[in-house]
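# Examining the three-dimensional arrangement
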Amino acid sequence: MAPTIGGEIERVDGRDFTYEEFVERYMKPNLPVVLTGLTDTWRSRTDWVDNSDPTRPNLSFFSSLCSSSVVQVADCNKKEYSEQERVEMTVADFVRSWVEDSSNQPESCRYLKDWHFVKEFPNYCAYSTPTFFMDDWLNIYLDSHALHRDTDICPHQNEANCADYRFVYMGPKGTWTPLHADVFRSYSWSANVCGKKHWLLLPPSQSHLLLHRNGKSSIYSVYDVISELQFPGFKKTVWLECTQESGEIIFVPSGWYHEVHNVEDTISINHNWFNGYNLSWVWNLLLEDYKIAKEYIEDIRDISDDFESLCQRNLAANTGMNLYDFFIFITRFALANIIELHHVPNSKIASHLVHNLTSIQEIASKMTSQEAFSAQCLRTISSENYDAFSDVAKAFEEKKFHELCEAVLKTYRSIVGEHENFTKFETRNGNKESCFSVNCRKDNCNVVAIVKGLVNEISGPEDLIYLIDRFMESTLQIQ
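Positions within a chain are numbered from 1, following the residues in the order the chain's sequence is written. Under the rules for a predicted model, residues below a pLDDT of 70 receive no local features and side-chain atom pairs below 80 are neither given nor counted, while totals for whole chains, interfaces and linings still include all residues. Note that water and hydrogens are dropped before the side-chain values are worked out from all heavy atoms of the structure.

### So, the overall build of the chain
Going by this rule: Secondary structure elements are defined from DSSP: runs of H or I of at least 4 residues count as helices, runs of E of at least 2 residues count as strands, and each element is numbered from the N terminus. The atom set for the radius of gyration is the C-alpha atoms, and the globule formula is 2.2 Å times the number of residues raised to the power 0.38. Burial status follows relative accessibility: with a 1.4 Å probe on protein chains alone, a residue under 20% of its type maximum counts as buried, one over 50% as exposed, and anything between as partly exposed. In what follows, residue pairs with any heavy atoms lying within 4.5 Å of each other are defined as contacts. Accessible areas in this description were obtained via Shrake-Rupley with a 1.4 Å probe; residue shielding takes into account the shown protein chains only.
Secondary structure assignment for the chain yields 16 helices and 16 strands. By the compact-globule yardstick of 23 Å for 479 residues, the chain fits well, its C-alpha radius of gyration being 24 Å. In terms of principal-axis extent, the alpha carbons of the chain reach across some 70 × 60 × 40 Å. Counting over 479 residues, the chain shows a buried share of 54%. Contacts in the chain between residues far apart in sequence, at least 24 positions, make up 77% of those at least 6 positions apart. In the form shown here, the chain has an accessible surface area of approximately 21700 Å², with 47% of it arising from carbon and sulfur atoms.

Structure (structure tokens):
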């Protein structure tokens, strides 16, 4: 049963849009789009492309620069559960197998996926993130913080493989990615450095039609022979499609299932990200998966001393993040936005920071009714997790939190087109500053004292809501 195609994904010149126009037309309504004209100056569009044939990748570049890098390689001909079978190999071995396979008509079909190239080669500027995609809370946070703090969940927190969601994909013609919705129900953007991809996308309103009749599994590929008895809803699905050319970027919104096939040898750059416009998608997925994790082990609740901890551990393993990871994330991001908003209450940046805090407050309000955030459960969580969100004074002393604040400010100044290079001085008038914002120009800035005066400890979502309420109230009055 071939998929029913309802139309083409819109294609526009990205240079014709302001950031605000992109938000209103695509990001807020959660609609996909293909963008042209945004990658011409990227270094990767030169270095990674064969000089003699611009439609083909320059594999020798990767063999020389990255030969010893260890990467994840999927065999597109082998299914493992709901994904493709993966192995680890060096980039040199992958390139060698690509060249050999193209000559010998192989049985396997290898596709390098999820390569953390930026983390591994931070001094090589392969590309610049387009302005439309800069409001990326996920990667901004992960540049200074670990997503997991419990050592039993992520014992090797410094490994590049769990450090960001910026990826490079490389594969020959015929490689592909099975049907899926993106991690955390995040947004994603994908740029073809060279090559061509065919995309099929399904709106979130139709995602239930992909489920097995038992409601517990989904379709692996829309091109499989799909049983109408097992998947009775599939025949009702109506898809959007596009062929993405070299140099083009596709924006994939939250919750859109998609399947992607390389119709030429292809290299792409891909980011997963979320912000205030799709934060509710992340929360809804975590809540749904949390309920499943609880139901799965409900029969041991009465005999378990750490039932909630088990639920959170399983949630992190299955979804990539648990409720406490997420609460730490939004708490620290809220604190960083508060610090910077104090210094720019009347600037163009302020509207972005206010929107961020409002979005976080809405999610925190939804958290208050969940068992995981009851006083009883919060008393049982690890000290690493509790201290990370509760101890405001300690957070303000941490270098990684200072880095987060600086990254937040830099992001929104780039979005609004402010490029002044502020210099941060550790001392003024011979005294160590109490304020660590790079945007601070006061000798006696009291923002830290203000925040600590409002709430010195954030013991749960209610305290975070209170802090945002009180701070926003005072800041908006100043405006």
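### What about the confidence of the model for the chain?
Just so we agree on the cut-off: A residue's pLDDT is the confidence the predictor assigns to it, expressed on a 0 to 100 scale.
The share of residues in the chain with pLDDT of 70 or more is 92%, and the mean pLDDT across the chain is 91. Segment residues 155-161 is flagged for pLDDT under 50; beyond a separation of four residues in sequence, or across chains, it makes 8 contacts in the model. Long-range and interchain partners of residues 422-433, a stretch whose pLDDT sits below 50, account for 22 contacts in this model, where long-range means more than four residues apart.

### Overview of the sheet that holds strand E5 (residues 83-90)
The condition is simple: Should DSSP find at least two bridges between two strands, the strands are regarded as paired. Every angle, taken between N-to-C directions, lies between 0 and 180 degrees, and every axis is a line fitted to C-alpha atoms, over only the stretch in contact when it is a helix.
The 9 strands are arranged E2-E3-E12-E9-E14-E7-E6-E4-E5 in an open sheet whose pairing can be described as mixed. Each end of this open sheet is capped by a strand with a single partner; those strands are strand E2 (11-13) and E5. Adjacent strand axes in the sheet meet at a mean angle of 25°, parallel and antiparallel pairs treated alike. Across 3 bridges, the pairing between E2 and strand E3 (residues 33-36) is parallel. Looking at the pairing, Val 12 lines up with Leu 35 of E3.

### Comments concerning the packing of helix H7 (residues 279-296) against helix H8 (residues 307-319)
Inclusion rule: Each angle receives one of four descriptions, namely roughly parallel if under 35 degrees, roughly antiparallel if over 145, roughly perpendicular if within 65 to 115, and oblique otherwise. Crossing chirality is assigned from the near helix's rotation relative to the far helix, an anticlockwise turn below a right angle marking it left-handed and a clockwise turn marking it right-handed. Any residue outside Ala, Val, Leu, Ile, Met, Phe, Trp, Tyr, Cys, Pro, Asp, Glu, Lys and Arg is labelled polar, Gly included; the first ten of those are nonpolar and the last four are charged.
In contact at an axis separation of 9 Å, H7 and H8 are set at 125° when each is read in the N-to-C sense. Comparing the axis directions of H7 and H8 gives the class oblique. The two elements H7 and H8 cross, and the hand of that crossing is right-handed. Contacts between H7 and H8 pair Leu 285, Leu 286, Asp 289, Tyr 290, Ala 293 and Lys 294 from the former with Phe 307, Glu 308, Cys 311, Gln 312, Asn 314, Leu 315 and Thr 319 from the latter. When its residues are assigned to classes, the contact of H7 with H8 shows 7 nonpolar, 3 polar and 3 charged.

### Quick word on the sheet that holds strand E11 (residues 238-244)
Taken in spatial order, the 5 strands of this open sheet run E1-E11-E10-E13-E8, and their pairing is mixed. Bordering the open sheet on either side are strand E1 (4-8) and strand E8 (176-180), each of which pairs with just one other strand. When the angles between neighbouring strand axes are averaged without regard to direction, this sheet yields 25°. Of the strand pairs in this sheet, strand E10 (residues 197-202) and E11 are connected by 5 bridges, and their pairing is antiparallel. Pairing of Lys 197 across the sheet is with Gln 244, part of E11.

### A short note on the nonpolar core
Defined as follows: By nonpolar core is meant a set of buried Ala, Val, Leu, Ile, Met, Phe, Trp, Tyr and Cys residues that side-chain atoms within 4.5 Å join together.
In terms of nonpolar packing, the biggest core is built from 129 residues, with Trp 48, Trp 115, Met 170, Phe 326 and Ile 330 touching the most fellow members. Residues contacting Trp 48, with those up to four places away along its chain left out, are Pro 57, Asn 58, Phe 61, Phe 62, Phe 117, Tyr 124, Ala 126, Val 168, Val 193, Cys 194, Ile 267 and Ile 269.

### Here we look at the environment of Asn 275
What counts, and what does not: For this analysis, a polar contact is any N or O atom pair within 3.5 Å, provided that within protein one partner can donate a hydrogen and the other can accept it, and provided that sequence-adjacent residues contribute only side-chain to side-chain pairs.
Mapping Asn 275 onto the fold places it in the loop between strand E14 (266-273) and H7. Residue classification places Asn 275 among the buried positions, given a relative accessible area of 0%. With 80 residues separating them in the primary sequence, Asn 275 and His 355 have C-alpha atoms 10.0 Å apart. Those residues in contact with Asn 275 that sit more than four places away from it in its chain are Met 27, Asp 135, Trp 137 and Tyr 187. A distance of 3.0 Å separates a polar side-chain atom of Asn 275 from the backbone oxygen of Asp 135. Polar side-chain contacts of Asn 275 include one of 2.9 Å to the backbone nitrogen of Tyr 277.

### Considering the packing of H7 against helix H9 (residues 323-343)
Angle between the axes and distance between the axes are the two parameters that describe a pair of packed helices. Contact geometry of H7 with H9 gives a least axis separation of 10 Å together with a crossing angle of 160°. In terms of axis orientation, H7 runs roughly antiparallel to H9. Every pair of crossing elements has a handedness; the one defined by H7 and H9 is left-handed. Between H7 and H9, the residues in contact are Leu 279, Val 282, Trp 283, Leu 286 and Tyr 290 and Leu 323, Phe 326 and Ile 330, respectively. Per-class residue counts for the contact of H7 with H9 are 8 nonpolar, no polar and no charged.

### Overview of unusual backbone geometry
A positive phi angle, close to 60°, is found at Phe 184, a residue other than glycine. By the element assignment, Phe 184 lies in the loop between E8 and strand E9 (187-194). Phi is positive for Arg 185, close to 55°, though the residue is something other than glycine.

### Focus on the pairing of E14
The buried count for E14 comes to 8 of 8 residues, which makes it a mostly enclosed element. Burial of the side chains of E14 extends over both faces: Thr 266, Ser 268, Asn 270 and Asn 272 are buried on one face and Ile 267, Ile 269, His 271 and Trp 273 on the other. Here strand E7 (residues 166-171) runs beside E14; their pairing, made up of 6 bridges, is antiparallel. The partner of Gly 171 across the bridge, within E14, is Thr 266. By the bridge criterion, 7 bridges tie E9 to E14 in an arrangement that is antiparallel. Looking at the pairing, Ser 188 lines up with Asn 272 of E14.

### Thoughts on the packing of aromatic side chains
This is how it is decided: Aromatic rings from Phe, Tyr and Trp, taking only the six-membered ring of Trp, are treated as a pair when their centres fall within 6.5 Å; an angle between ring planes under 30 degrees marks them as stacked, one over 60 as edge-to-face, and anything in between as tilted. In our convention, an over-ring charge means Lys NZ or Arg CZ found within 6 Å of a ring centre and within 35 degrees of that ring's normal.
Inspection of the entire model under this criterion finds 44 aromatic pairs. With a centroid separation of 5.8 Å and an interplanar angle of 85°, the aromatic rings of Phe 22 and Phe 133 are classed as edge-to-face. You can see Phe 22 sitting in helix H1 (residues 19-27) and its partner Phe 133 sitting in the loop between helix H5 (117-120) and helix H6 (137-142), a full 111 residues away along the chain. Per residue, the accessibility class of Phe 22 equals that of Phe 133, and both read buried. Taken together, the aromatic side chains of Phe 17, Phe 22, Tyr 26, Trp 42, Tyr 127, Phe 132, Phe 133, Tyr 187, Trp 189, Phe 251 and Trp 273 make up a single cluster linked through ring pairs. Sitting over the ring of Tyr 220, Lys 79 keeps its end group 4.5 Å from the ring centre.

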